[in-house]
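Here's the letter readout for the chains.
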Amino acid sequence: MNDKFYALPEEKRNKIINAGFRVFSRNSYRKSPMNEIAAEAGISKSLLFFYFRNKKEFFLFLWENVKNITIEYLTRSDVYKETDIFEMIIKGLQIKLEMMHKFPDMGRFALKAYYDEDDEIKDELRAIVEPFQQLSTNQMIPELDPAQFKEGLDLEMMYKDMYLASEGFLYHEMQKEDFDVDKMAAEFEKMVDFWRKLYHR
């Protein structure tokens, strides 16, 4: 990658990044042309290749950005310091919303990229994501007071159930053609409120 990319104003950098997220989220890596990305970004194809030597370099740059953007937002929010599990889930949603408003297609890009098996990129993708796969979601569970929940409830299983349901809900919503971030957030908050009433004493 050319250092001159980072010399661009943030708004122009994000426009190129978002164009990449958008095009790669619609197609496989192989079927995503750089000229389409350049058109989405409002620049020439030659200028895009001036910033990035080839499609692979740009794609891996985007994948690395998913990781860095997510870490930045999570670190800033202190979401995992939250002691109430339901508030932690809501805060997690709010972080995703912030990211979605700034990078609308990042989530869809990440899902598409994660399952892309193209030989040209799959080894590098796995190397980037592997450290995160080693993390157990249980390490992020806040310390729960059993007295606050219904008697006999398996708190670890409750958390896993809510975590997987949350991921599935977000995945389902992001596949919609008329995906609306704020509408999705309102529906998700209803779901969390349902869990709160279901599991709390």
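Residues numbered from 1 in each chain as written. Predicted model: local features only at pLDDT ≥ 70, side-chain atom pairs only at ≥ 80, totals over all residues. Heavy atoms only, no water.

### Regarding the overall build of the protein chain
Defined as follows: Here a helix means four or more residues in a row that DSSP labels H or I, a strand means two or more in a row labelled E, and each is numbered from the N terminus. Throughout, exposure labels follow a simple rule: accessible area from a 1.4 Å probe, protein chains only, divided by the maximum for the residue type, with under 20% read as buried, over 50% as exposed, and the rest as partly exposed. Here a residue-residue contact requires only that any non-hydrogen atoms of the pair lie within 4.5 Å. Areas reported here follow the Shrake-Rupley algorithm with a probe of radius 1.4 Å; residue values treat only the protein chains shown as occluding.
Along its length, the protein chain carries nine helices and zero strands. In the protein chain, the order of α-helices and β-strands from amino to carboxyl end is α-α-α-α-α-α-α-α-α. Taking all 201 residues of the protein chain together, 39% fall into the buried category. The contacts of the protein chain with a sequence gap of at least 6 include a subset with a gap of at least 24, amounting to 70%. Approximately 11800 Å² of the protein chain is accessible, and the part contributed by carbon and sulfur atoms is 51%.

### A short note on the pattern of salt bridges
Note that side chains of opposite charge can pair when their charged atoms are close. The condition that has to hold: Within this document, salt bridges are pairs made up of a side-chain nitrogen of Lys or Arg and a carboxyl oxygen of Asp or Glu, the two lying within 4 Å of each other.
A full pass over the atoms with the stated rule returns 18 salt bridges. The residue K56 makes a salt bridge to E124 at a minimum N-O spacing of 2.7 Å. Here K56 is found in helix α4 (residues 55–77), whereas its partner E124 is found in helix α7 (residues 122–133), with 68 residues between them in sequence. Here K56 falls in the partly exposed class, since its relative accessible area comes to 24%.

### Quick word on the environment of A7
One can find A7 in the segment before α1 (10–26). On the basis of relative accessible area, A7 is assigned to the exposed category, the value being 62%. Sequence separation between A7 and Y73 is 66 residues, and the spatial gap between their C-alpha atoms is 23 Å.

### Notes on helix α8 (residues 155–174)
Using the following cut-off: Expected span of a helix, by definition, is 1.5 Å for each gap between consecutive residues, and there is one gap fewer than residues. By the criterion applied in these results, polar contacts are pairs of N or O atoms within 3.5 Å in which, for protein atoms, one can donate a hydrogen and the other can accept it, and in which residues neighboring in sequence qualify only through two side-chain atoms.
Helix length check: α8, at 20 residues, gives a terminal C-alpha distance of 29 Å against a target of 28 Å (1.5 Å per residue), a fit within 8%. Check the buried side of α8 and you find it contacts α5 (85–102), α6 (106–114) and α9 (181–199). The backbone nitrogen of E156 lies 3.2 Å from a side-chain oxygen of the residue at the head of α8, namely D154.

### Here's the deal with the packing of α8 against α9
Quick note on the threshold: To get an axis, a line is fitted to the C-alpha atoms, and for a helix only the part in contact is used. The angle between two axes follows their N-to-C directions and goes from 0 to 180 degrees. Roughly parallel means an angle under 35 degrees; roughly antiparallel, over 145; roughly perpendicular, 65 to 115; everything else is oblique. Left-handed describes a crossing in which the near helix is turned anticlockwise from the far one by less than a right angle; the clockwise case is right-handed.
Interaxial distance between α8 and α9 falls to 11 Å at its minimum, and their mutual angle equals 160 degrees. Here α8 lies roughly antiparallel to α9, going by the angle between them. Both α8 and α9 take part in a crossing whose hand is right-handed. In this structure, α8 uses M158, D161, M162, A165, S166, F169, L170 and E173 to contact α9, whose residues at the interface are M184, E187, F188, M191, W195 and Y199.

### Remarks on the confidence of the model for the protein chain
Our working definition: Each residue carries a pLDDT value, the predictor's own confidence for that position, ranging from 0 to 100.
Model confidence for the protein chain is summarised by a mean pLDDT of 86, while 94% of its residues fall at 70 or above. The lowest-confidence element of the protein chain is α7, averaging 74 in pLDDT; the highest-confidence one is helix α2 (residues 34–41), averaging 97.

### Side note on α6
Heads up, the rule is: Starting at the helix axis, one direction is taken to each C-beta atom, and the arc is that of these directions.
For α6, the set of buried residues is M106, F109, A110 and A113. For α6, the angular spread of the buried residues around the axis is 100 degrees, confining them to a single face.

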